[in-house]
Amino acid sequence: MQSALSECVSRTVRRYLADIGDTEFGEGLHALVIREVEGPLLREVLSFHEGNQSRAAAALGINRATLRKKLAAHGIS
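On a predicted model such as this, the values are computed, not experimentally measured, just so you know.

Chemist: Tell me what's going on with the overall build of the protein, and back it up with residues and numbers.
Modeler: Regarding its fold elements, the protein presents four helices and zero strands. Counted from the first residue to the last, the protein has its helices and strands arranged as α-α-α-α. For the protein, the C-alpha radius of gyration of 15 Å lies well beyond 11 Å, the compact-globule estimate for 77 residues. Overall size of the protein, expressed as C-alpha extent along the three principal axes, is 40 × 30 × 15 Å. Scored against the burial criterion, the 77 residues of the protein give a buried share of 17%. Across the protein, the fraction of contacts at a sequence separation of at least 24, relative to all contacts at a separation of at least 6, is 32%. Carbon and sulfur atoms make up 55% of the accessible area of the protein, which amounts to about 5,900 Å² in all. Each charge class in the protein can be summarised by its mean position, and for the 10 positive and 9 negative side chains these summaries are 10 Å apart.

Chemist: So, helix α4 (residues 64-73): which residues are in play, and what are the values?
Modeler: The N-cap of α4, judged by a side-chain oxygen 3.1 Å from the amide nitrogen of A65 a few residues on, is N63. Two residues or fewer after α4 comes G75, characterised by a positive phi angle close to 70°.

Chemist: Could you give an account of the packing of helix α2 (residues 29-48) against α4, naming the residues involved and the relevant values?
Modeler: Put simply, α2 and α4 touch, their axes get as near as 10 Å, and they point 120° apart. For the element pair α2 / α4, the angle class is oblique. The handedness of the crossing between α2 and α4 is left-handed. Each of E38, L42 and L46 in α2 lies in contact with α4, whose residues at this interface are L67, K70 and L71. Its residues assigned to classes, the contact of α2 with α4 comprises four nonpolar, no polar and two charged.

Reading the values: the criteria
- Residues numbered from 1 in each chain as written.
- Predicted model: local features only at pLDDT ≥ 70, side-chain atom pairs only at ≥ 80, totals over all residues.
- Heavy atoms only, no water.
- Helix = DSSP H or I, 4+ residues; strand = E, 2+ residues; numbered from the N terminus.
- Rg over C-alpha atoms; globule rule 2.2 N^0.38 Å.
- Buried < 20%, exposed > 50% of the residue type's maximum accessible area, 1.4 Å probe, protein only.
- Contact = heavy atoms within 4.5 Å.
- Areas by Shrake-Rupley, 256 points an atom, 1.4 Å probe, with all protein chains shown as cover.
- Lys, Arg positive; Asp, Glu negative; His and termini not counted.
- Charge placed at Lys NZ, Arg CZ, Asp CG, Glu CD.
- Polar contact = N/O pair within 3.5 Å; in protein donor to acceptor, adjacent residues only side chain to side chain.
- Axes fitted to C-alpha atoms, helices over the stretch in contact; angles between N-to-C directions.
- Parallel < 35°, antiparallel > 145°, perpendicular 65-115°, else oblique.
- Left-handed = near helix turned anticlockwise from the far one by under 90°.
- Nonpolar A, V, L, I, M, F, W, Y, C, P; charged D, E, K, R; others polar.

Written out as structure tokens, the structure is:
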């Protein structure tokens, strides 16, 4: 049985693929999904932890320096 998050991702990817048909991806589907998902994930986890980057990084399983790089890359302060 899939988790609720996994089911949501499966439905969304399936719908996206149906919408675009045989259109080719310049960057590849994996890169597109990571780019689209990572920003909102970082924002939500950071918000959940009330802006505390150390706690957000721990929840994400990454170190704070990596979190800061990712936040900067996504234009999140």
